[in-house]
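A look at the structure
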Amino acid sequence: MSDANAVLPPPGRAEVAAQWRALVAGEVTREAVHGWAAPWVEGEGAFDRFEDPLVETALQYLHGFDLCRDPGRPHVVWHGTSGEGEWYHSLDDITSGFARWQERCALYDLSDADPQGGPQAVRDQARGRHPDPAPPAVDDVR
């Protein structure tokens, strides 16, 4: 007997990539991808069991690709279905977002392969964070 309230283990990168790829290819709908990602994004305990921050980020994206807006009220967005408004994210946005996510995964993996644990700046970049600029050299301060 299964527990209806059981917490699903988070998916891995391959599962996330398969969903994203299927969406880009038109094999699944935005609503279906939203529904697939929802157990890990919504509700109590969401995001408290992820070891891979890039899976967490991808799930947030997949969950939001069904956002709609009303052209007459562009600041109002909602999770919707085809025909309820215009999509907030174009298919080009979704496709380019997938390519950027894959690049971040590759950077993150490279930083993990470093014997020193990878430079923090590379890990931050892979996670989508931008490091603070370095302070100017003493000779540059006037």
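Residues numbered from 1 in each chain as written. Predicted model: local features only at pLDDT ≥ 70, side-chain atom pairs only at ≥ 80, totals over all residues. Heavy atoms only, no water.

1. Re the overall build of the chain
- Scanning the chain for helices and strands turns up five helices and three strands.
- N-terminal to C-terminal, the α/β element order of the chain is α-α-α-β-β-β-α-α.
- For the chain, the residues scored as buried account for 30% of the 142 residues in total.
- A total accessible area of about 9200 Å² is found for the chain, and carbon and sulfur atoms account for 53% of it. (Helix = DSSP H or I, 4+ residues; strand = E, 2+ residues; numbered from the N terminus. Buried < 20%, exposed > 50% of the residue type's maximum accessible area, 1.4 Å probe, protein only. Areas by Shrake-Rupley, 256 points an atom, 1.4 Å probe, with all protein chains shown as cover.)

2. Topic: the sheet that holds strand S2 (residues 73–79)
- What the three strands build is an open sheet, ordered S2-S1-S3; its pairing is antiparallel. Each having just a single partner strand, S2 and strand S3 (86–87) make up the two edges of the open sheet.
- Relative to S3, strand S1 (residues 67–70) is paired through two bridges, and the arrangement is antiparallel. Directly across from Cys68, in S3, lies its bridge partner Trp87. (Pairing = 2+ DSSP bridges.)

3. Brief notes about the pairing of S2
- Across four bridges, the pairing between S1 and S2 is antiparallel. When the sheet's bridge partners are listed, Arg69 is paired in S2 with Val77.

4. Concerning the pattern of salt bridges
- Per the counting criterion, the structure on display carries three salt bridges.
- Of the charged contacts, one joins Asp52 and Arg13 as a salt bridge, the two residues approaching to 2.6 Å between their closest N and O atoms. Pair noted here: Asp52 is in the loop between helix H2 (30–41) and helix H3 (53–64) and Arg13 is in helix H1 (residues 13–25), with a separation of 39 residues, a long-range link.
- When salt bridges with common partners are traced through the structure, they connect Arg13, Asp52 and Asp109 into a single cluster. (Salt bridge = Lys/Arg side-chain N within 4 Å of Asp/Glu carboxyl O.)

5. Notes on H2
- If you check H2, its first and last C-alpha atoms are 15 Å apart, about what twelve residues at 1.5 Å a residue would give, namely 16 Å.
- Along H2, the positions that sit buried rather than exposed are Arg30, Val33, His34, Ala37, Ala38, Trp40 and Val41. For H2, the angular spread of buried residues about the axis comes to 160°, placing them on one side.
- At the C-terminal side of H2, Gly43 shows a positive phi close to 85°. (Expected span 1.5 Å × (residues − 1). Arc of directions from axis to C-beta.)

6. Observations concerning the confidence of the model for the chain
- For the chain, per-residue confidence averages 79 on the pLDDT scale, and 70% of positions sit at 70 or higher.
- Of all the helices and strands in the chain, helix H5 (residues 120–126) carries the lowest mean pLDDT, 57, while H1 carries the highest, 97. (pLDDT = per-residue confidence, 0-100.)

7. Some words on the packing of aromatic side chains
- By the definition in use, this model includes seven aromatic pairs.
- Between Trp20 and Tyr61, the ring centres sit 5.9 Å apart and the planes meet at 40°, which makes this aromatic pair tilted. In this pair, Trp20 sits in helix H1 while Tyr61 sits in helix H3, placing the two residues 41 residues apart along the sequence.
- A residue is classified by how much of its surface remains accessible, and Trp20, at 1% relative accessible area, is buried.
- In textbook terms, an aromatic cluster arises when at least three aromatic residues are bridged by ring pairs, as seen for Trp20, Tyr61, Phe65, Phe98 and Trp101. (Phe/Tyr/Trp six-rings, centres within 6.5 Å; stacked < 30°, edge-to-face > 60°.)

8. Notes on the environment of Trp87
- Relative to the elements of secondary structure, Trp87 occurs in strand S3.
- Trp87 sits in the partly exposed class, given a relative accessible area of 24%.
- Remark: the alpha-carbon pair of Trp87 and Val77, spanning ten residues in sequence, is separated by 9.3 Å.
- Setting aside residues no more than four positions away along its own chain, Trp87 makes contact with Arg30, Glu31, Phe65, Asp66, Leu67, Cys68, Arg69, Gly80, Thr81 and Ser82. (Contact = heavy atoms within 4.5 Å.)

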